[in-house]
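Given next are the chains, with one letter for each unit.
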Amino acid sequence: MSLHDITFQPVAALKKLQEEKLQQLLAYVSHSSPFYKKLFSTHNINVSSVKTIEDLQLLPITTKEDLQLYNEDFICVLPEKIIEYTSTSGTLGSPVTIALTESDLDRLAHNEYCSFVTTGGQAGDIYQLMLTLDRQFMAGIAYYSGIRKMGGGIIRLGPGVPSVQLETLLRLKPTVIIAVPSFILKLIQFAKEHNFNLAATSVKKAICIGENIRNLDCSLNILGNKITDSWNIQLYSTYASTEMQTAFTECSEGKGGHNRPELLITELLDEDNNPVPANTPGEVTITTLGVEGMPLIRYKTGDICIYFDEPCACGRNSVRLSPILGRKKQMIKFKGTTLYPSAIFDILNDMREIQEYVVEVQSNDVGLDEVIIYIVAAEDTTENDHKIRAYLQAKLRVSPIIKCLSAGEIKHMQFPEVSRKAIKFIDNRK
């Protein structure tokens with residue numbers, strides 16, 4: 001059986017595989033990880049007693065703050081074994097360095113190879129990479145390595161510049177694009193303005209990264225529908241983080257991102273760190289399998305979603321994750337209403353009156369959350385302004401502060417000097 005067929009095995013076989021790898025992992029970190037040696041000693045943990053997935057609850061969790069404060073203590077190998085230094089984006093705090101060995105890079109390539117195969121990828125496909133390939137961005141090197149392993153063609157174009165992207169589509173004829181969904185919308189808009197027929201291109205599908213294209217029930221959301229209404233291509237959603245060194249990728253059924261059971265044990269936990277049942281919101285908590293440089297055990301990502309455990313119509317039996325509801329630390333309590341930035345993004349994406357936006361939340365004089373929405377309006381008219389304010393009031397049921405900016409000002413907010421991807425949410429709460 002080929003490697004990417006593991007997820008078609010029975011659930012019991014997948015669980016047995018994970019438990020064998022879990023025991024190997026615990027023996028490894030007990031010997032090689034300064035952080036986990038100290039953590040297990042402090043909590044009087046006997047790792048030999050942890051034999052099943054259910055036994056994971058005997059182990060303490062690892063937090064993002066742990067990784068920030070004790071970053072180097074997570075490294076399990078000598079410096080000369082480290083081949084690649086990647087880093088997190090720092091969205092929710094200081095960036096964290098993730099060190100990879102040669103074995104970890106092979107694992108990363110295997111992960112993305114499996115992800116592309118899950119989306120129906122094959123050796124004859126040509127992928128146009130519309131994303132950052134430098135600045136210690138793990139995803140860029142991961143996609144490149146996975147496509148190479150699959151035998152596909154690669155166009156490393158990088159992010160932005162719609163005119164260059166479209167010229168390359170025409171000249172090199174890629175079959176797949178990998179891009180942030182909101183940038184695909186910009187590409188569509190540019191094509192319309194310049195009478196470029198996207199339907200006539202060779203592109204058949206898009207691997208969407210960094211932003212939700214689906215609702216919680218896995219139907220396409222506003223952003224996803226806007227893309228497919230203008231461009232008849234198949235969309236595939238993905239979810240990943242630098243720390244997990246693994247991706248959850250949709251199959252053609254579009255019913256959640258498949259977990260790679262040989263690479264990751266995934267738990268969804270409540271506020272008390274207890275597992276939640278299927279179809280119940282919880283914090284994505286991961287244990288990496290097969291990582292040599294910086295393995296993580298019960299690492300709480302801060303991302304909230306639900307999971308589906310029924311078999312997928314594609315035949316795979318791996319657990320699937322829904323679109324991310326939001327990040328735990330980004331939850332906003334605004335004038336009696338609780339919401340996540342993604343809910344605001346959906347509303348803004350649906351408005352023709354708005355071209356671009358950034359959402360900021362800050363603490364007001366009495367310590368409560370205050371929401372400011374910076375926008376680039378499609379038209380600088382009083383009527384357009386009234387439409388925007390009335391629509392937001394109706395949809396959010398509260399009135400945020402709205403500030404109009406120029407295209408240059410909003411671009412400066414979205415792309416500060418050190419950023420490698422567009423920032424749509426700024427948290428300035430005390």
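Preceding block: the structure.
Residues numbered from 1 in each chain as written. Predicted model: local features only at pLDDT ≥ 70, side-chain atom pairs only at ≥ 80, totals over all residues. Heavy atoms only, no water.

So, the state of the cysteines
Phase 1 of the analysis: Counted under the stated rule, the structure contains zero disulfides.
Phase 2 of the analysis: Sulfur of Cys312: no disulfide; nearest cysteine sulfur belongs to Cys314 and is 3.5 Å away.
Phase 3 of the analysis: Judged by its relative accessible area of 7%, Cys312 falls in the buried class. (Disulfide = S-S within 2.5 Å. Buried < 20%, exposed > 50% of the residue type's maximum accessible area, 1.4 Å probe, protein only.)

Comments concerning the sheet that holds strand 21 (residues 425-428)
Phase 1 of the analysis: Read from one edge to the other, the open sheet built from four strands follows the order 20-19-18-21, with strand pairing classed as mixed. Looking at the sheet topology across the chains shown, the edges are occupied by strand 20 (401-404) and strand 21. On average, each strand axis in the sheet is tilted by 20° relative to the strand beside it, whichever way the strands run.
Phase 2 of the analysis: Of the strand pairs in this sheet, strand 18 (residues 354-363) and strand 21 are connected by four bridges, and their pairing is parallel. Its bridge partner lying in strand 21, Val359 is registered against Phe425.
Phase 3 of the analysis: Each of strand 18, strand 19 (369-377) and strand 21 touches helix 9 (residues 341-349); the most contacted strand, strand 18, lies at about 155° to it.
Phase 4 of the analysis: Lying over the sheet, helix 11 (residues 407-414) contacts strand 18, strand 19 and strand 21, oriented at roughly 50° with respect to strand 18. (Pairing = 2+ DSSP bridges. Helix = DSSP H or I, 4+ residues; strand = E, 2+ residues; numbered from the N terminus. Axes fitted to C-alpha atoms, helices over the stretch in contact; angles between N-to-C directions. Contact = heavy atoms within 4.5 Å.)

As for the sheet that holds strand 12 (residues 299-305)
Phase 1 of the analysis: Spatial ordering of the open sheet is given by 10-11-12-15, a layout of four strands whose pairing is antiparallel. Two strands close off the open sheet at either side, each with one partner strand: strand 10 (264-269) and strand 15 (326-327).
Phase 2 of the analysis: When strand 10 meets strand 11 (residues 282-288), the two strands line up antiparallel, connected through six bridges. Across the sheet, Leu268 pairs through a bridge with Val284, a residue of strand 11.

Re the packing of helix 6 (residues 162-172) against helix 7 (residues 181-193)
Phase 1 of the analysis: Closest axis-to-axis distance for the helix 6/helix 7 pair is 10 Å, and the angle between their directions is 80°. In terms of their interaxial angle, helix 6 and helix 7 are classed as roughly perpendicular. Counting all contacts with helix 6, which are made through Pro162, Ser163, Gln165 and Leu166, the residues of helix 7 involved are Phe183, Leu187, Phe190 and Ala191.
Phase 2 of the analysis: Here the residues of the contact of helix 6 with helix 7 sort into six nonpolar, two polar and no charged. (Parallel < 35°, antiparallel > 145°, perpendicular 65-115°, else oblique. Nonpolar A, V, L, I, M, F, W, Y, C, P; charged D, E, K, R; others polar.)

Description of the packing of aromatic side chains
Phase 1 of the analysis: Under the counting rule described, the total for this entry stands at nine aromatic pairs.
Phase 2 of the analysis: A ring pair is formed by Tyr36 and Phe40, whose centres lie 5.8 Å apart and whose planes are at 35°; its orientation type is tilted. With Tyr36 and Phe40 both in helix 2 (residues 34-42) and four residues apart, this pair spans about one turn of that helix.
Phase 3 of the analysis: By relative accessible area, which is 0% here, Tyr36 ends up buried.
Phase 4 of the analysis: By relative accessible area, Phe40 is classed as buried at 5%.
Phase 5 of the analysis: Both rings, one in Tyr36 and one in Phe74, keep their centres 5.7 Å apart while their planes meet at 85°; by these two values the pair is edge-to-face. With Tyr36 in helix 2 and Phe74 in the loop between helix 3 (64-69) and strand 1 (82-87), this pair connects stretches of sequence that are 38 residues apart. Each member of the pair Tyr36 and Phe74 is classed as buried. (Phe/Tyr/Trp six-rings, centres within 6.5 Å; stacked < 30°, edge-to-face > 60°.)

Side note on the environment of Gln355
Phase 1 of the analysis: As for its placement among the helices and strands, Gln355 is situated in strand 18.
Phase 2 of the analysis: Given a relative accessible area of 53%, Gln355 falls into the exposed group.
Phase 3 of the analysis: In the structure, Gln355 is positioned 249 residues away from Asp106 in sequence and 41 Å away in space, judged by C-alpha atoms.
Phase 4 of the analysis: If near-sequence neighbours (up to four positions away) are discounted, Gln355 is found in contact with Val376, Ala377 and Ala378.

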